[in-house]
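# Results of the structural survey
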Amino acid sequence: MANIKSAKKRIDVTASKTERNKAIRSKVKTVSKKVMAAVDAGDKAAAEEALKVATSEIGKATTKGVYHKNNASRKVSSLAKAVAKM
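This section reports on the structure supplied with the text.

What counts and what doesn't
- Residues numbered from 1 in each chain as written.
- Predicted model: local features only at pLDDT ≥ 70, side-chain atom pairs only at ≥ 80, totals over all residues.
- Heavy atoms only, no water.
- Helix = DSSP H or I, 4+ residues; strand = E, 2+ residues; numbered from the N terminus.
- Rg over C-alpha atoms; globule rule 2.2 N^0.38 Å.
- Buried < 20%, exposed > 50% of the residue type's maximum accessible area, 1.4 Å probe, protein only.
- Contact = heavy atoms within 4.5 Å.
- Areas by Shrake-Rupley, 256 points an atom, 1.4 Å probe, with all protein chains shown as cover.
- Lys, Arg positive; Asp, Glu negative; His and termini not counted.
- Charge placed at Lys NZ, Arg CZ, Asp CG, Glu CD.

### A few points about the overall build of the protein chain
Tallying secondary structure elements over the protein chain gives three helices and zero strands in all. The N-to-C order of helical and strand elements in the protein chain reads α-α-α. The C-alpha atoms of the protein chain give a radius of gyration of 17 Å, which is well past the 12 Å a tight globule of 86 residues would have. Dimensions of the protein chain, computed from C-alpha atoms along their principal axes, come out at roughly 60 × 20 × 15 Å. Considering the protein chain as a whole, with its 86 residues, one finds that 27% of them fall into the buried category. For the protein chain, the share of sequence-separated contacts (at least 6 apart) that also reach a separation of at least 24 residues comes to 61%. Within the structure as shown, the protein chain displays about 6100 Å² of accessible surface, and the carbon and sulfur contribution to it stands at 55%. Of note, the protein chain has its 21 positive side-chain charges centred 11 Å away from the centre of its 7 negative side-chain charges.

Take a look at the structure:
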């Protein structure tokens, strides 16, 4: 355990940022699964709507620094490709 005040603060800040990042990553995974579920079900309208939501959430995660921009771009691209292939 840390003894120095600044080290204790870093531990607290890291813990809170980790929780925030986990929540954001979880949200992105959830919306991505909704897109893929709609694709698997063959519901094009629902898939396109879910893709719009997923793209927005992935973009938000990128601006918050949770995902690198290339990683986010790859995620959006793979989802869009799946929807377009329907």
